[in-house]
Amino acid sequence: MENPEVDRKDLAFIIAERSGISPVEALESLKHLGPAISDALVSHGRAEVTGFGTFRLEDRAPRHGVMVGIVWTTPQRQEIVFEAWPSMAEIVATRTGVPTYQ
């Protein structure tokens, strides 16, 4: 499997090619995707992108432990969780030949 990283510019070209909009328009839209999802998480605790996946906030309790005699703790926090839609997982599994799990 190829491993070169796909960045926002690469995604913009892929979206432009598939949708018929210009790469500049696609890139401009992608620039706003992260902040839009962040705003939805802050306002509603959840953001769903049909066919792609769902982002949600989950509360995480504080954790405590000891490592090499040193006591550590993490504070209570919210964690951003992403769950891919089954349709996306199926496409990835089909194209890579490797099963994906939900």
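Everything below is about the structure printed above this text.
To keep things clear, this report deals only with the structure shown in the data block. (Residues numbered from 1 in each chain as written. Predicted model: local features only at pLDDT ≥ 70, side-chain atom pairs only at ≥ 80, totals over all residues. Heavy atoms only, no water.)

## A look at the sheet that holds strand 1 (residues 46-49)
Reasoning step 1: Judged by pairing direction, the sheet is antiparallel, and its three strands sit side by side in the order 1-2-5 without closing on themselves. Looking at the sheet topology across the chains shown, the edges are occupied by strand 1 and strand 5 (77-84). On average, each strand axis in the sheet is inclined to that of its neighbour by 25 degrees, with strand direction left out of account.
Reasoning step 2: Of the pairings in the sheet, the one linking strand 1 to strand 2 (residues 53-60) comprises four bridges and is antiparallel in character. (Pairing = 2+ DSSP bridges. Helix = DSSP H or I, 4+ residues; strand = E, 2+ residues; numbered from the N terminus. Axes fitted to C-alpha atoms, helices over the stretch in contact; angles between N-to-C directions.)

## What to know about a nonpolar patch on the surface
Reasoning step 1: A cluster of nonpolar residues, Val6, Leu11, Ile14, Ile15 and Ile21, forms a patch on the protein surface that exposes about 380 Å² of accessible area.
Reasoning step 2: Along the chain, Leu11 falls in helix 1 (residues 8-19). (Patch = residues over 30% accessible without salt bridge, like charges linked within 9 Å, V, L, I, M, F, W, Y side chains within 5 Å. Areas by Shrake-Rupley, 256 points an atom, 1.4 Å probe, with all protein chains shown as cover. Salt bridge = Lys/Arg side-chain N within 4 Å of Asp/Glu carboxyl O.)

## Some points on the side chain of Thr54
Reasoning step 1: Here Thr54 is to be found in strand 2.
Reasoning step 2: If near-sequence neighbours (up to four positions away) are discounted, Thr54 is found in contact with Arg46, Ala47, Glu48, Val81, Phe82, Glu83 and Trp85. (Contact = heavy atoms within 4.5 Å.)

## Details of the layout of surface pockets
Reasoning step 1: By volume, the largest pocket amounts to about 390 Å³.
Reasoning step 2: In terms of lining, the largest pocket is formed by Val6, Leu11, Ile14, Arg18, Gly51, Phe52, Met88, Ile91, Val92, Arg95 and Thr96.
Reasoning step 3: Going through the elements one at a time, helix 1 and helix 3 (86-96) are the ones with two or more residues in the lining of the largest pocket.
Reasoning step 4: The greatest single-element share of the lining of the largest pocket, amounting to five residues, is contributed by helix 3. (1 Å grid on protein atoms, 1.4 Å probe; cavity = no way out; pocket = protein on both sides within 12 Å on 5 of 7 lines; lining within 4 Å. Points joined across faces, edges and corners; volume = space filled by probe spheres on them.)

## Side note on the packing of aromatic side chains
Aromatic ring pairs are reported here in terms of the distance separating the ring centres and the angle at which the planes meet.
Reasoning step 1: Across all of its chains, the model carries three aromatic pairs by this definition.
Reasoning step 2: Relative to Phe55, the ring of Phe52 lies with its centre 6.4 Å away and its plane at 35 degrees, an arrangement referred to as tilted.
Reasoning step 3: The class for Phe52 is partly exposed, based on a relative accessible area of 33%.
Reasoning step 4: On the basis of an interplanar angle of 45 degrees and a centroid distance of 4.7 Å, the ring pair of Phe55 and Phe82 is categorised as tilted. Taken together, the residues Phe55 in strand 2 and Phe82 in strand 5 connect sequence positions 27 residues apart.
Reasoning step 5: In this structure an aromatic cluster arises from ring pairing among Phe52, Phe55 and Phe82. (Phe/Tyr/Trp six-rings, centres within 6.5 Å; stacked < 30°, edge-to-face > 60°. Buried < 20%, exposed > 50% of the residue type's maximum accessible area, 1.4 Å probe, protein only.)

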